[in-house]
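# Chains, contacts and geometry: an overview
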Amino acid sequence: MTEPRFLHAQWSSRMAFIFAASGSAIGLGNIWKFPYLAGDNGGGAFVLVYLLCVIAIGIPIMIAETLLGRRGRQSPINTMASLAEAAKASPHWRYAGWLGVIAGFLILSYYSVIAGWAMAYILKINSALFAGIDAAGSARLFETFKSTPEYQVIWHSLFMAATIFIVSRGVSGGLERATRYMMPALLLMLLVLDVYAMNSGGFAQGCAFLLEPDFNKITGAGILAAMGQAFFSLGLGMGSIMVYGSYLPAHVSITRSSILVASADTLVALMAGLAIFPLVFANGLSPTMGPGLIFETLPIAFGQLSGGGWFGMLFFTLVFFAAITSSVALIEPAVAWLSENRGLSRSRASLYSGSACWLLGLGTAFSFNIGSELKWFGKTVFELVDLLTAEIMLPLGGVLVALFAGWILSREHSEAELEMKDARHYRIWRILVRYIAPAGVLIVFLDAMGLFGR
Ligand code: TRP
């Protein structure tokens with residue numbers, strides 16, 4: 001292949017890539033979204049479908065997306081364009097890159113609002129308001145916070161500013177350093193919360209809810225939500241991991257890194273679930289609380305633990321860090337494209353794209369208060385943007401990546417890039433991206449549309 005026009009920076013090592021990729025994968029999706037989606041969609045059956053999607057669809061697509069990134073070595077739009085050209089395929093493949101950039105924008109617009117909640121809770125949680133709080137009190141505080149437009153805008157703005165700041169500092173400067181200590185610390189913190197949950201009195205019920213599938217409780221829409229969540233949580237289908245792959249040095253094993261990152265991501269989600277559902281049941285709450293779930297339940301634990309306020313501060317700080325390492329990944333495809341094609345400096349590119357996201361995010365910020373009556377198809381702006389991205393754009397983007405890697409990219413090229421020692425492993429991957437993943441996504445779509453009539 002010809003040398004790309006734009007030579008990117010590279011990660012300093014394999015571990016740097018793994019940390020950055022886990023930083024992208026592990027975020028609000030694991031701690032905030034996974035628990036409430038599992039709660040809304042019946043628990044165990046949702047978790048089981050989620051795990052199946054991670055294994056059969058997520059990991060193969062993660063490998064495919066990273067592989068395309070490293071082969072193309074440019075922003076997702078240009079990578080798709082130049083790989084398509086090299087393979088004599090249609091130049092329209094670059095629209096798959098565009099789909100990703102737009103999805104990233106849309107996701108970050110609301111991601112920033114929710115991450116703002118976590119930021120606000122860093123300050124709030126250690127106050128006297130939360131000391132010894134019960135479920136009703138915690139719900140009331142969250143409700144007030146959510147329904148005050150000023151708070152929503154302020155925290156959303158602060159989070160977006162932090163994202164712009166870090167992204168403008170570039171690949172290894174900003175991105176690498178932060179993840180290194182934060183991820184292990186977050187894991188430790190969740191472990192402590194899990195131990196607390198074990199003694200909360202709701203542990204058996206929480207575990208049963210999360211881990212024992214009851215298929216009567218899952219619907220086509222629930223299955224689609226589980227699949228969408230697999231894409232969202234792993235950070236697939238929009239070029240995040242593709243652009244990270246483009247910074248990946250040659251000869252680093254993409255397969256092993258992907259499996260490692262996906263496992264870490266899944267572990268964090270399950271640990272978050274195991275911390276939250278025991279609390280839900282111990283306090284007589286309903287698991288179907290929606291997006292406020294962690295903000296209403298976890299403070300009860302922090303309020304009751306001695307020193308829990310400080311503990312809570314630390315926890316939400318780590319959630320903030322997990323969110324920011326994901327938000328930089330969400331915006332990176334746009335920034336990389338703006339600097340390649342429009343000749344903008346990284347800082348300008350970050351500023352422009354971050355500001356655009358901020359503006360869009362106001363829609364979400366207001367959807368919890370003054371704009372809550374503004375609905376299309378019965379959904380608020382936040383719900384609409386979330387469903388459109390997680391349940392449509394990401395799976396679609398992921399399938400395009402799978403089809404491209406499986407059918408357009410030549411076998412020699414993908415084989416050379418993956419350098420798998422065992423030819424059987426390569427064959428399994430190829431079958432997964434060529435047939436299983438695309439078919440799986442299609443079936444889930446059709447099922448959600450009610451075509452299999454259940
Ligand atoms: N995976 C992140 C989370 O779980 C969010 C994220 C980062 C993402 N990059 C992405 C989601 C790309 C979809 C696509 O919070």
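Because the structure is a prediction, the values reported are computed rather than measured.

## Side note on the site of the ligand
Lining the immediate environment of the ligand, one finds 17 residues, of which A25, G29, Y111, F232 and S233 sit closest. Here an oxygen atom of the ligand and a backbone polar atom of G29 are 2.8 Å apart. A distance of 2.8 Å separates a nitrogen atom of the ligand from a polar backbone atom of F232. Protein chains bury 100% of the 360 Å² of accessible surface belonging to the ligand in isolation. Comparing atom positions with the cavity grids shows the ligand to sit within the largest cavity. Among the secondary structure elements, those contributing two or more residues to the shell around the ligand are α1 (14-25), α2 (28-40), α5 (94-124), α10 (220-234) and α14 (308-341).

## Brief notes about empty space enclosed by the protein
Over the atoms rolls a probe the size of a water molecule, and in doing so it shows where empty space is left. Per the stated rule, a full pass over the model turns up five cavities of 30 Å³ or more. By volume, the largest cavity amounts to about 150 Å³. Lining the largest cavity are 17 residues, and of these S24, F232, G235, S326 and L330 lie nearest its centre. Of all the secondary structure elements, the ones that give two or more residues to the lining of the largest cavity are α1, α2, α5, α10 and α14. In the lining of the largest cavity, the residues fall into ten nonpolar, seven polar and no charged. There is about 80 Å³ of room inside the second largest cavity. At the level of elements, α4 (76-86), α5 and α16 (381-408) are the ones that each hand at least two residues to the lining of the second largest cavity.

## Observations regarding the layout of surface pockets
Computed from the structure, the largest pocket encloses a volume of approximately 620 Å³. Of all the secondary structure elements, the ones that give two or more residues to the lining of the largest pocket are α2, α10 and α16. Among the elements that make up the lining of the largest pocket, the one with the highest residue count is α16 (eight residues).

## Considering the nonpolar core
Soluble, globular proteins show a tendency: their nonpolar side chains are buried together. One finds W32, F315 and W429 to be the most contacted residues of the largest nonpolar core, which totals 153 residues. Of the residues forming this core, the biggest block, 19 residues, is contributed by α5. Each residue touching W429, except ones within four places of it in the same chain, is listed here: P60, I63, A64, L67, A405, S414, L418 and M420.

## A closer look at unusual backbone geometry
Even without being a glycine, K88 presents a positive backbone phi close to 55 degrees. Among the secondary structure elements, K88 is positioned in the loop between α4 and α5. Although it is not a glycine, E419 sits at a positive phi angle of roughly 45 degrees. You can see E419 is positioned in the loop between α17 (411-418) and α18 (423-448). Under the relative-accessibility criterion, E419 is labelled partly exposed at 38%.

## Observations regarding the environment of G308
By secondary structure assignment, the location of G308 is in helix α14. Residue G308 is classed as buried on the basis of its relative accessible area, which comes to 1%.

## Digging into the environment of A349
You can see A349 is positioned in helix α15 (residues 346-367). Separated by 211 residues in sequence, A349 and S138 place their C-alpha atoms 40 Å apart. Non-local contacts of A349, meaning those with residues more than four positions away in its chain, are made with V335, L338, S339 and L344.

Conventions we followed
Sequence order sets the numbering: in each chain, residues are counted from 1 along the sequence as written. With pLDDT at 70 or above as the cut-off, local features in this predicted model cover only qualifying residues; side-chain atom pairs require 80 or more to be listed or tallied, and sums for whole chains, interfaces and linings still use all residues. As a convention, hydrogens and water are excluded, and side-chain values are obtained from all of the structure's heavy atoms. Here a residue counts as near a molecule or strand whenever at least one of its heavy atoms sits within 4 Å of it. Under this definition, polar contacts are N or O atom pairs within 3.5 Å; protein pairs additionally need one hydrogen-donor-capable and one acceptor-capable atom, and for neighbouring residues in sequence, both atoms have to be side-chain atoms. Note on areas: these come from Shrake-Rupley sampling with a 1.4 Å probe, and a residue is covered only by the protein chains present in the view. Buried and open spaces are told apart on a 1 Å grid over the protein atoms alone, a cavity being a set of points where a 1.4 Å probe fits but cannot get out and a pocket being an open set with protein on both sides within 12 Å along at least five of seven lines. Residues with an atom within 4 Å of a point are the lining residues. Pocket occupancy is defined atom-wise: a molecule lies in a cavity or pocket when more than half of its atoms are within 2 Å of its grid points. The secondary structure listing takes helices from DSSP runs of H or I that are at least 4 residues long and strands from runs of E that are at least 2 residues long, numbered from the N terminus. Grid points are joined across faces, edges and corners, and a volume is the space filled by probe spheres set on the points. Under the convention adopted here, Pro, Cys and the residues Ala, Val, Leu, Ile, Met, Phe, Trp and Tyr are nonpolar, Asp, Glu, Lys and Arg are charged, and Gly plus all remaining residues are polar. We define a nonpolar core as any set of buried Ala, Val, Leu, Ile, Met, Phe, Trp, Tyr and Cys residues linked to one another through side-chain atoms lying within 4.5 Å. Throughout, exposure labels follow a simple rule: accessible area from a 1.4 Å probe, protein chains only, divided by the maximum for the residue type, with under 20% read as buried, over 50% as exposed, and the rest as partly exposed. It only takes one pair of heavy atoms within 4.5 Å for two residues to be counted as in contact.

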